[in-house]
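Spelled out, the chains give:
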Amino acid sequence: MQFMLLFSRQGKLRLQKWYVPLSDKERKKISRDLVQTILARKPKMCSFLEWRDLKIVYKRYASLYFCCAVEDQDNELITLEIIHRYVELLDKYFGSVCELDIIFNFEKAYFILDEFLLGGEAQETSKKNVLKAIEQADLLQECTFPV
Amino acid sequence: MSDVVEKTLSALPSLLSLDSQAGAGKLSPSSKLGNLIKGITELTSKHEEERLIKKELESIKEQVASPNTTMRQMKEIMVRAIYCEMLGYQASFSYIHAIKLAQQGSVLEKRVGYLAVSLFLNETDEFLLLLVNTVLKDLQSTNLIEVCMALTVVSQMFPKDMIPAILPVVEEKLTHPKEIIRRKAVLALYKFYLIAPNQVQHIHSKFRKALCDKDPGVMTASLHIYLQLIKENPESYKDLTGSMVTILRQVVGGKLPLDFNYHSVPAPWLQIQLLRILAYLGKEDQGTSEMMYDVLEESLRRAEMNHNITYAILFECVKTIYTVHPKSQLLEKAAECIGNFVLSPKINLKYLGLKALTYVVQQDANLALPHQMTIIECLDHSDVIIKRETLELLFRITNAQNVTVIVEKMLEFLRLTYNVWFIQTMNSVFSLGGDVMQPDIPNNFLRLLAEGVDNVEDRQLRLFAVDSYVSLLQGETAKLPQRFLQVISWVLGEYSYLREEESDPGSVMRLLARLLDQRHTSTETRSWVLGAMTKLCSSPVYSGSLNTVLRQKAQELMILSQDTKLRARVLPAEDSSLSFLDGYVSEALAAGAAPYKSPHQRQEDLVQEKALSLEPYGLSLPVSLSSCSITDRRSPTLLSMSSGLSGNSTELSHQEGSTTLKLEGVKRVWGKDGYLAQQQSAGETPTPLVELPSPLLSPQSPPSQTQKPSSGLEPDQEKRQLASSLFVGLGSHNSVCLVRFPSTVWLFIKHCQSANQSNVVKALFKPLPLLLPVPLTVSTGDYGKMWLSFSHDLKQNLQLVTTEHQEPLTATLDALKGKLHLHVVDIIGSEGIVACRLLQGPGQGQPCLLHCRVHADSLAVWLRSPVPELPDSLLYHCQKALTET
């Protein structure tokens, strides 16, 4: 995977993870272009786009769009399931997740993503294991510095 | 998702009043980030947001610089900086502090520090060098969390040159007792392999150990490396085939812990990874492929559940089956599976189905045939992505018979989507393909430019074309093909007025004049250029131009073009090319005259007409250049009749009224009532009627019939018709498809790569099969059914036989019956149907059907047969027979 973007229906970026080295300017241009393209698409349209030499796979969950860019040989359907698994993880962690959880706790959303995907590849696909890793890190946090 | 909305709504007040409780996932009441976010949501304009963020960044800057800021505060500040960056504002001053936080913070502060680093920087950033020691220290920490964080950050980004510094420590982690550490270490090494393959060469044996790790997570992670290694060099890893097959069999068989199930499918990510690896291993290697047939079949069989994830596996499985050495039984199953995708109502699956088809038709074009109707539907799909994939598929099955229709569809699509790109691409198509192109390509192009309402978009397209041509003409023009120059002249003549007047109004004229003076410009092109100049000087811009020379020339040209006598005196006919007549010729062309052909050329045309035409007439004849001169401003619109593909019957019959159109070759069907009567009297079901392959109603049928809204099957019929022209020629004789190829450059180039020159030559000079037809006695109803089932067709106009006591149609058909032993099935009005069957030769016993219709002074004949050669040769013999009569 080359990058993942989360953005709202209003086009506001909520999360961005880049797995390929790109300059700040390029990143901005890419996210602007993609957000525009995807928001213009109708709900019944297919979830895949060919964009530059990449494949874009996106899916909307409530008010949030999840969008991944993968290479040409990659499997589109499994990428959709990666998105879905990530949503499941967020859901389990926050307890029926909503956009606000991600806005206010975006760093947590990043930590979960980093346990699930590493360097752009699925690292751990077992839901239980990902959450266990996150909980351990969180636990440490709470013990060492009680809020 | 409704509960999500509900939750959002119920969460809002508490979040806005910021009194939520602490805990995982909940916002701290005193959070400054909370305040910032809240502040932003209350804003109404982008401008206000900018101001607020600027203020926020100022305050962040101040705080990070202050020596009194604790690491704990720094962590909180860093989160806000990340947020500002995400909104698109630069916070580069905080990067160094992010590194500091990762270096000096306690575990949880470090975590945010590392996160900020990974979000702010990329692996080329020099700042990262400052992190190397910290990473090294954390990798050696006894705290698992710290080791994990360090491994996470190195797997995302690490300066290439510094890899040796940490490599031994990461390598050590491959034997760590905790699987999470081993897994992350494997992925870190994978990353190192990607950015610096040489550095990890010595640890390949350790990768094998990871592949055999008892933890499925670690094993899965190691497959990332193997996929990459095998992709680059499959030969060195053939020995792994057995292991990969075994792993896949175990996974498919449900031997993994249930934790790895995803929606009750065992480890789909792992399965897909293995399938991809097997594809690389088995490609062009029969021995290796044979090892995996069983497990591939099992994967296909097991993935039956109707869930997206099983489709993902199926798709990968099909891809692998079509990549490895073929096994017919498996291919059959895979093709069936593709069918399920294509026919699925889910759009994502349909898209992948089309994609899979695109992939497999390269091996067997016939695989597209069962899905004709779905493909036609997708061609008009509202989603461009689906449309584009369909075109890609059509491109793969392009052959001599359907190339015109397919190219037309492609051009249509291009025009709709990418204006600028379209012009640029067409420019290169014209410059490269130039004079070997079929004339209908430039024709179609001009039509596309001229068509459409005069809206902003169309004007932009035209203006862009004009601008790009002007800059082309300003450069070297000697190498541009004549056809392209003609296109350029027409467009400049037609649309130069769209240019802004800021530039010198005479510049276009001068460019054209230069073109006219150039020696290599052909006479035909000159006439186009002159036509363009005539159009330009009739515009007040030039005849009233301030440039006196130009004004004079324009006026001269105008007067001379109006006064023939004067012109003869001013420009005496001394040059043998008669180029002074060009203006006159172009005028005559504009008025509808046919272009001049030398006797030699006419002879050639005649011969050509008698020879085999390998190109189908399709749905309508491409209107030749001659019938519509390009100097006629309206002509391209008239040309649009050749897009009868999408036109409906009323439109066409309306156009039929206008005299400018040539209608021979346009398909006709039987008069509705006439045919129906036949049907009923023959006791047949009336369905074949609506399936007759033409949306056009015969003009002979009563007006009330014509007006009557057609049955619901009408659009379907159109689609069938389109299908027949798109899928014509698929099957037995694909080599012929290269004969007429230079239609667009990319089609040409792509196919030429695979083309065998000698095949092309052979196909061109394929001898006619020996023909010995015998009558084929069929009923009208059977004729209709057969007609629809035959895929090879051909159309041609033949001369009519005239006798005193007979109708021309009857006389002609009688002549054919006598000479060639054809069976005249029926004659109704000006149309007749004829059938025969072949006694000898390659298509022995195969039928051929003829549909004849009198049009003006000729007989429009449409032949169909299941054998490709049959219509050709039969037509040839018909022509011969009628000439002799």
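Computed from a predicted model, the values in this text were never measured in an experiment. (Residues numbered from 1 in each chain as written. Chains lettered and ligands numbered in written order. Predicted model: local features only at pLDDT ≥ 70, side-chain atom pairs only at ≥ 80, totals over all residues. Heavy atoms only, no water.)

A. The arrangement of the overall build of chain A in detail. Scanning chain A from terminus to terminus reveals 5 helices and 7 strands. Taken from N to C terminus, the helices and strands of chain A fall in the order β-β-α-β-β-β-α-α-α-β-β-α. Within chain A, the fraction of its 147 residues that count as buried is 66%. Considering only contacts in chain A between residues 6 or more positions apart, those separated by 24 or more positions represent 47%. (Helix = DSSP H or I, 4+ residues; strand = E, 2+ residues; numbered from the N terminus. Buried < 20%, exposed > 50% of the residue type's maximum accessible area, 1.4 Å probe, protein only. Contact = heavy atoms within 4.5 Å.)

B. Looking closely at the pattern of salt bridges. Under the criterion given, the structure shown has 29 salt bridges over all chains. Between Glu76 of chain A and Lys55 of chain A there is a salt bridge; the shortest N-O distance is 3.2 Å. Of this pair, Glu76 of chain A sits in helix 2 (residues 76–94) while Lys55 of chain A sits in strand 4 (residues 54–61), and the two are 21 residues apart along the sequence. Judged by its relative accessible area of 1%, Lys55 of chain A falls in the buried class. In the salt-bridge network here, residues are joined through shared partners; they are Lys12 of chain A together with Lys46 and Glu49 of chain B. (Salt bridge = Lys/Arg side-chain N within 4 Å of Asp/Glu carboxyl O.)

C. Structural context of helix 3 (residues 46–65) of chain B. Residue and element names in this part refer to chain B. Along its 20 residues, helix 3 runs 28 Å from first to last C-alpha, staying within 8% of the 28 Å computed at 1.5 Å per residue. Buried within helix 3 we find Glu49, Ile53, Glu56, Leu57, Ile60 and Val64. Buried positions in helix 3, seen along its axis, are confined to an arc of 105 degrees and lie on one side of it. Projecting away from the buried face of helix 3 at angles above 90 degrees are the exposed residues His47, Arg51, Lys54, Lys55, Glu62 and Ala65. In this structure, the buried residues of helix 3 make contact with helix 2 (32–42), helix 4 (71–86) and helix 5 (95–104). (Expected span 1.5 Å × (residues − 1). Arc of directions from axis to C-beta.)

D. Representation of the confidence of the model for chain B. All names here are of chain B. For chain B, per-residue confidence averages 73 on the pLDDT scale, and 70% of positions sit at 70 or higher. Here helix 40 (residues 757–764) stands out as the element of chain B with the lowest mean pLDDT, 31, in contrast to helix 14 (residues 268–282), whose mean of 93 is the highest. When the criterion is pLDDT under 50, residues 8–26 qualifies, and its contacts beyond four places in sequence or with other chains add up to 28 contacts. Per-residue pLDDT stays below 50 along residues 732–770; that stretch engages in 58 contacts with residues further than four places along the chain or on separate chains. (pLDDT = per-residue confidence, 0-100.)

E. View of the nonpolar core. Counting 219 residues, the largest nonpolar core has Tyr86 of chain A together with Tyr83, Val135, Phe192, Tyr226 and Met244 of chain B as the members making the most contacts within it. Beyond its immediate sequence surroundings of up to four residues, Tyr86 of chain A is in contact with Met4, Leu6, Leu15, Phe66, Ala109, Tyr110, Ile112, Leu113 and Phe116 of chain A. Residues Leu448, Leu492, Tyr495 and Leu511 of chain B belong to the second largest nonpolar core, which totals 41 residues. (Core = buried A, V, L, I, M, F, W, Y, C linked by side-chain atoms within 4.5 Å.)

F. Broad picture of the interface of chain B and chain A. Every contact between the two is made by 81 residues of chain B and, on the other side, 76 residues of chain A. Area buried by chain B at its contact with chain A is led by Met86, Arg111 and Trp269 of chain B, which between them contribute 12% of it. Viewed at the interface, chain A and chain B are joined by 8 salt bridges. The residue Lys128 of chain A makes a salt bridge to Asp259 of chain B at a minimum N-O spacing of 2.8 Å. (Buried area = accessible area lost by both parts, 1.4 Å probe.)

G. Spatial organisation of the sheet that holds strand 2 (residues 13–18) of chain A. All names here are of chain A. If you walk across this open sheet you meet the 5 strands as 2-1-5-4-3, and the pairing is antiparallel. Looking along the sheet, the strands with just one partner apiece sit at the ends: strand 2 and strand 3 (48–51). Strand-to-strand twist in this sheet, taken as the mean axis angle between neighbours without regard to direction, amounts to 20 degrees. As judged from the 7 bridges shared by strand 4 and strand 5 (residues 64–70), these two strands associate in the antiparallel manner. (Pairing = 2+ DSSP bridges. Axes fitted to C-alpha atoms, helices over the stretch in contact; angles between N-to-C directions.)

H. Representation of the pairing of strand 7 (residues 847–855) of chain B. All names here are of chain B. Across the 9 residues that make up strand 7, a large majority, 7, are buried. With 7 bridges joining them, strand 6 (residues 831–838) and strand 7 adopt antiparallel strand pairing. Among the inter-strand pairings, Arg837 is bridged to a residue of strand 7, identified as Pro847. Bridge analysis of strand 7 against strand 8 (residues 858–865) gives 7 bridges, and the strand direction is antiparallel. In the sheet register, Val854 faces strand 8, and the bridge partner there is Leu859. Counting the residues between successive antiparallel strands, the hairpin from strand 7 to strand 8 contains 2 residues, one of them, Ala856, with a positive phi of roughly 50 degrees.

I. Focus on the confidence of the model for chain A. Residue and element names in this part refer to chain A. Of the residues in chain A, 95% have a pLDDT of 70 or more, and the chain-wide mean is 87. Per-element confidence in chain A ranges from a low mean pLDDT of 76 for helix 5 (residues 127–144) to a high of 94 for strand 5. Of the regions scoring below 50 in pLDDT, residues 143–147 engages in 4 contacts with residues more than four places distant in sequence or in other chains.

J. Fine view of unusual backbone geometry. Residue and element names in this part refer to chain B. The residue His263 is not glycine, and still its phi comes out positive at about 50 degrees. When you line up the elements, His263 lands in the loop between strand 1 (261–262) and strand 2 (265–266). Here His263 falls in the partly exposed class, since its relative accessible area comes to 32%. With a phi close to 30 degrees, Ala267 is a non-glycine residue in the positive phi region.

K. Representation of the packing of helix 25 (residues 482–495) of chain B against helix 26 (residues 507–517) of chain B within the structure. Residue and element names in this part refer to chain B. Taken N-terminus to C-terminus, the directions of helix 25 and helix 26 make an angle of 150 degrees; their axes are 11 Å apart at the nearest point. As the angle between them shows, helix 25 and helix 26 are arranged roughly antiparallel. Our pair here, helix 25 against helix 26, has a crossing hand that is left-handed. Contacts between helix 25 and helix 26 involve Leu485, Ser489 and Leu492 from the first element and Val508, Leu512 and Leu515 from the second. Across the contact of helix 25 with helix 26, the residue classes tally to 5 nonpolar, 1 polar and no charged. (Parallel < 35°, antiparallel > 145°, perpendicular 65-115°, else oblique. Left-handed = near helix turned anticlockwise from the far one by under 90°. Nonpolar A, V, L, I, M, F, W, Y, C, P; charged D, E, K, R; others polar.)

L. Examining the packing of aromatic side chains more closely. Applying the stated criterion across every chain yields a total of 18 aromatic pairs over all chains. Here Phe48 of chain A and Tyr351 of chain B contribute two aromatic rings whose centre-to-centre distance is 5.4 Å and whose plane-to-plane angle is 45 degrees, an arrangement assigned as tilted. With one member in each of two chains, Phe48 of chain A in strand 3 and Tyr351 of chain B in helix 18 (residues 347–360) form a pair that bridges those chains. Judged on exposure class, the residue Phe48 of chain A and its partner Tyr351 of chain B are both buried. Members of the aromatic cluster, each reached through a chain of ring pairs, are Tyr61, Phe66 and Tyr86 of chain A. The ring of Phe111 of chain A carries the charged tip of Arg111 of chain B above its face, separated from the ring centre by 3.8 Å. Between Lys795 of chain B and the ring centre of Trp862 of chain B, over which it is positioned, the NZ or CZ distance is 4.4 Å. (Phe/Tyr/Trp six-rings, centres within 6.5 Å; stacked < 30°, edge-to-face > 60°. Lys NZ or Arg CZ within 6 Å of the ring centre and 35° of its normal.)

M. Main features of helix 13 (residues 241–252) of chain B. Residue and element names in this part refer to chain B. With 12 residues, helix 13 should reach 16 Å at 1.5 Å per residue; the first-to-last C-alpha distance of 16 Å fits that figure. All of the buried residues in helix 13 are Thr241, Met244, Val245, Ile247, Leu248, Val251 and Val252. Summarising the axial view, the buried residues of helix 13 lie within an arc of 160 degrees, below the 170-degree limit, and thus occupy one face. Where helix 13 is buried, its residues contact helix 11 (204–211), helix 12 (216–232), strand 2, helix 14 and helix 15 (286–302).

N. Region of the structure containing the pairing of strand 3 of chain A. Residue and element names in this part refer to chain A. As paired strands, strand 3 and strand 4 are joined by 4 bridges and run antiparallel to one another. Its bridge partner being in strand 4, Glu50 is matched across the sheet by Lys55. Between strand 3 and strand 4, which pair antiparallel and follow one another directly, the connecting turn spans 2 residues, one of which, Arg52, has a positive phi of 50 degrees.

O. Summary view of the environment of Lys209 of chain B. Relative to the helices and strands, Lys209 of chain B resides in helix 11. For the pair formed by Lys209 of chain B and Met219 of chain B, sequence separation is 10 residues and the distance between their alpha carbons is 8.9 Å.

P. Examining the side chain of Glu121 of chain A more closely. Turning to its location among the elements, Glu121 of chain A is positioned in strand 7 (residues 121–122). One buried charged side chain, Glu121 of chain A, makes no salt bridge at all; its nearest oppositely charged neighbour is Arg276 of chain B, positioned 6.6 Å away. Of note is the side chain of Glu121 of chain A, whose polar atom sits 3.0 Å from the side chain of Tyr190 of chain B. Excluding residues that lie within four positions of it along the chain, Glu121 of chain A makes contacts with Phe116 of chain A together with Leu187, Tyr190 and His224 of chain B. (Lys, Arg positive; Asp, Glu negative; His and termini not counted. Polar contact = N/O pair within 3.5 Å; in protein donor to acceptor, adjacent residues only side chain to side chain.)

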